[in-house]
Every structure is written in C-alpha cells, then in structure tokens.
Amino acid sequence: MAEDVEKEINKYDNQPNQANETKDEVGPGNEMIMDYTNTFTTWDYFVSRDALLQWVRRVGNENNMVIVVKRSDNVAGKKKARVFLACEGGGSYRRWKEKTKVKRANNDDDDDEKLVKEREMGAKKCECPFLLKGTQLSPTEWGLEVKCGTHNHPITSYLEGHSYVGRLSTEEEEEFVIDMSKCNAPLKSVLKELKRKNDHNHSTLRTIYKLCKKHRVVEYCGRTQLQYLMSKLVESHYVHYSRMCSKINTLNELFFAHPVSLSLVRSFPKVLLIDCTYKTNRYWLPYLEIFGVTSTRITFCVASVYLLAEKEENYQWALGILLGDASLPYRDYYGLGEGFNECHCD
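Predicted model, so just to flag it, every value in this text is computed and none were measured.

Enquirer: Explain helix α5 (residues 187-197) to me, using residue names and the numbers behind them.
Expert: Leu187, Val190, Leu191 and Leu194 are the residues of α5 that are buried. All buried residues of α5 lie within an arc of 95° about the axis, which places them on one face of the element. Across from the buried face of α5, at angles greater than 90 degrees, the exposed residues are Lys188, Lys192 and Arg196. Looking at the buried positions of α5, the neighbouring elements they touch are α4 (171-182) and α6 (205-220).

Okay, here's the thing in structure tokens:
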C-alpha cells in the first residue's frame, strides 16, 4: 500500500509544470481551453493561509495569470476555514449604475424623455471557470485542491503594467522607493533595482510615480509647498531670512543656509561663486545659488536664495545677509560697502 502511494506521488512530481492546450466546443464556436490542473496540483501542506496565497500567486505569475480571492470563510467552530481562489476573469460584469432618463431640451413635457447614451466600456470578466479551494486541515496545515484548472480565454503574454500584479508587493519595497526618492535617485534606476531584487516584479514607472506622489501628499498634511519648506527649514535648524509684502501678505524673497556651510565660508571667505537659474519652481522665482571654494579647490554650497527679481537691490539684500550672518571679514573686498543689515528674520 505504501509503495502504491509513493508511486502516485512520484507520478505527479515527475509531470512537467506546463499547461495542456486542448480545443473544445464552447459556445457558438471553437475556443482555446487552457488546462492548468497539473500546474496547481500539489501534495504539500502550507503552514498558514498567507503561505498558501503566496504560493498560488507566485505560480500564477510564473504562468502569466492573475489569481484573486473569490470568497473567504474564516469561521470558528465545526466548519473549517476555507478560501476560494479564482481567475481575475471569473464571473460576469454587474452594472453598478442604471441608465437614467432625462428630459429633452426646451421641453417641459414629462412624457417626452430619452435614455442617456450609454458609454462604451470593457470588462475583464469573461465567466472564466478556473477555481481553487484552500482548506484549513489543522491549526498549522492548509491544503489546496484544484476544483477547475481550465481557462476559457487566452493567457496574456506578459503582465507588465497590470493594475493588480504591478503593485509593490511588500512594505520593504515601498520603503526602498521612498528612501531612494528622498536621495534624489532617478526613478528609472529605482525601478531597475526593484526588478533586479525581485524577478517577479511587474511594476512600471507609473507605479513608482504614484507611490512618490502619495508619500508627498501624506507628508504635506494639507500644507502648501512653501509652508512645507518653511517647516523643514525650522526642523533642520537652517539659518533663514525672508522679505514679505505687507499689502498682500505674500513671500517675496527667501534666504536659507545650513550652519555647517556658514562655518566653511568663514574659513574660506576669499572666493564666492554666484549663479542664478530660472523656471526651476512653480512660482517662477529666480533661484540664486552661492558657492564657496576651499584651499584645495573643492566647491561647496553656501546658501540658496529665492529672489523676486534679478536686480541690484535684490542681490545686495542676499549678499548682505550672507556677509552679516556669517561674520565675514573684508566686507569692502566684495565691493558691497555698508548698509546690508536691513532684513527680516523668521
């Protein structure tokens, strides 16, 4: 008896992990029926429900299929906990909104009505009969049974960009994407690294962009970009100054520098490099960057300034703050003279 059971198990283990393609008459014409019964047949037991779902979805991804939970019964008592898994094409589309009637234009007659034109749409549901059943045999054992292993539709060639499979599967992947985006890493490189770590990752750049946008919305907490910037400057102990327009209560100019940068510029005050760029922010304010040079010819960032306009008075305000706050010697060395202490500190 034991030998017969062993032969039966070996017979299933030696079968190739591929689908059998057969043709049968389904509906009005002949359609391709894909049989994956042998692919999902296993004699192993799973330690938990999550382990069973993970194995089924992994095997489904290897065969370009999307397996979803159709129904789950987690009941306590005499009945055993069960979970039914089906193809994403299982079942049929159910309309969630009925067509409504509207009156014709310039007509008050209640009887003269017409139906709203129905929008053309598609659905993934095609009444696919594929069905798996997982049953809890004991507190630490789950078994899998193939109720129906056939599909009534062709299997997709690839899963890239799928709305369900393309999601990031674990919290570790989401944290990795967020951490790399904070380091200003190119999102293409982040996606490439995700695919290198996980061969079954089907995410696209759209998925990465959506996750970064979602994280920014959570971080902002309803604040604007400027309010978020000011809070980060205070949190990171930046030295920052601003000039406001009292009439309309708006921020005109903003100066901020890190304390370490100010310490460096005190040590190397001889050379300052100034560069102004345009169209780098949503407010279209000129962005002024000030750099210093060490004795070994290594450049370092001193300060960043958002200017209202690129005029002499604006440059004098920014450089006056730098020379005054950094306590730099040789104020006249830069050709600025006196009178640069008029600024408003936040």
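Enquirer: Explain the pattern of salt bridges to me, and be specific about the residues and the numbers.
Expert: Under the defined criterion, the tally for this structure stands at nine salt bridges. A salt bridge links Glu62 to Arg58, with the nearest nitrogen and oxygen atoms 3.1 Å apart. In this pair, Glu62 and Arg58 both sit in helix α3 (residues 49-62), four residues apart, roughly one turn of the helix. According to the relative accessible area criterion, Glu62 is partly exposed, its value standing at 38%.

Enquirer: Outline the pairing of strand β8 (residues 141-148), supporting the account with residue identities and numerical values.
Expert: As defined by bridge partners, strand β7 (residues 131-138) adjoins β8 across seven bridges and the pair is classed as antiparallel. Bridge assignment links Lys133 to a residue of β8, and that residue is Glu145.

Enquirer: Give me the nonpolar core: which residues, what numbers.
Expert: Ranked by size, the top nonpolar core spans 21 residues in total, and within it Phe40, Leu52, Val56, Leu85 and Leu132 carry the most contacts. At the level of elements, α3, β4 (82-87) and β8 are the ones that each hand at least two residues to this core. Among all residues touching Leu85, those that are not within four sequence positions of it are Leu52, Leu53, Val56, Ile67, Val68, Val69, Lys70, Phe130, Leu131 and Leu132. Core analysis: the next-biggest nonpolar cluster, separate from the first, contains 20 residues, Cys276, Ala303, Ala318 and Leu319 among them.

Enquirer: Now, about the confidence of the model for the protein chain: what can you tell me, with residues and values included?
Expert: When pLDDT is averaged across the protein chain, the result is 76; 75% of the residues are at 70 or more. Confidence drops under pLDDT 50 across residues 1-30; counting only partners more than four residues distant or on other chains, this segment forms 25 contacts. Ignoring residues within four places in sequence, the model shows residues 330-346, a span with pLDDT below 50, making 30 contacts including any to other chains.

Enquirer: Break down the packing of α5 against α6 for me, citing the residues and quoting the values.
Expert: Contact pair α5 / α6: the axes reach a minimum separation of 10 Å and the direction vectors enclose 110°. Regarding the angle of α5 to α6, the classification is roughly perpendicular. Between α5 and α6 lies a crossing whose hand is right-handed. Along the contact surface, α5 presents Leu187, Lys188, Leu191 and Leu194, while α6 presents Leu205, Ile208, Tyr209 and Cys212. Class assignment of the residues belonging to the contact of α5 with α6 gives a composition of seven nonpolar, no polar and one charged.

Enquirer: Any details on the sheet that holds β8? Residues and values, ideally.
Expert: Strand order in the open sheet formed by four strands is β3-β4-β7-β8, with antiparallel pairing between adjacent strands. Looking at strand neighbours, the two that pair on one side only are β3 (67-73) and β8, the edges of this open sheet. Strand-to-strand twist across the sheet, computed as the mean angle between neighbouring axes with direction ignored, equals 25°. As paired elements, β4 and β7 share five bridges and run antiparallel to each other. Bridging across to β7, Ala86 finds its partner in Leu131.

Enquirer: Describe the environment of Leu52, with residues and values.
Expert: Looking at the element boundaries, Leu52 is found in helix α3. Accessibility expressed as a relative area gives 0% for Leu52, which makes it buried. For the pair formed by Leu52 and Trp142, sequence separation is 90 residues and the distance between their alpha carbons is 7.2 Å. In this structure, Leu52 is in contact with Phe46, Val83, Leu85, Gly134, Trp142, Gly143 and Leu144, ignoring residues within four places of it in sequence.

Thresholds applied
- Residues numbered from 1 in each chain as written.
- Predicted model: local features only at pLDDT ≥ 70, side-chain atom pairs only at ≥ 80, totals over all residues.
- Heavy atoms only, no water.
- Buried < 20%, exposed > 50% of the residue type's maximum accessible area, 1.4 Å probe, protein only.
- Helix = DSSP H or I, 4+ residues; strand = E, 2+ residues; numbered from the N terminus.
- Arc of directions from axis to C-beta.
- Contact = heavy atoms within 4.5 Å.
- Salt bridge = Lys/Arg side-chain N within 4 Å of Asp/Glu carboxyl O.
- Pairing = 2+ DSSP bridges.
- Core = buried A, V, L, I, M, F, W, Y, C linked by side-chain atoms within 4.5 Å.
- pLDDT = per-residue confidence, 0-100.
- Axes fitted to C-alpha atoms, helices over the stretch in contact; angles between N-to-C directions.
- Parallel < 35°, antiparallel > 145°, perpendicular 65-115°, else oblique.
- Left-handed = near helix turned anticlockwise from the far one by under 90°.
- Nonpolar A, V, L, I, M, F, W, Y, C, P; charged D, E, K, R; others polar.

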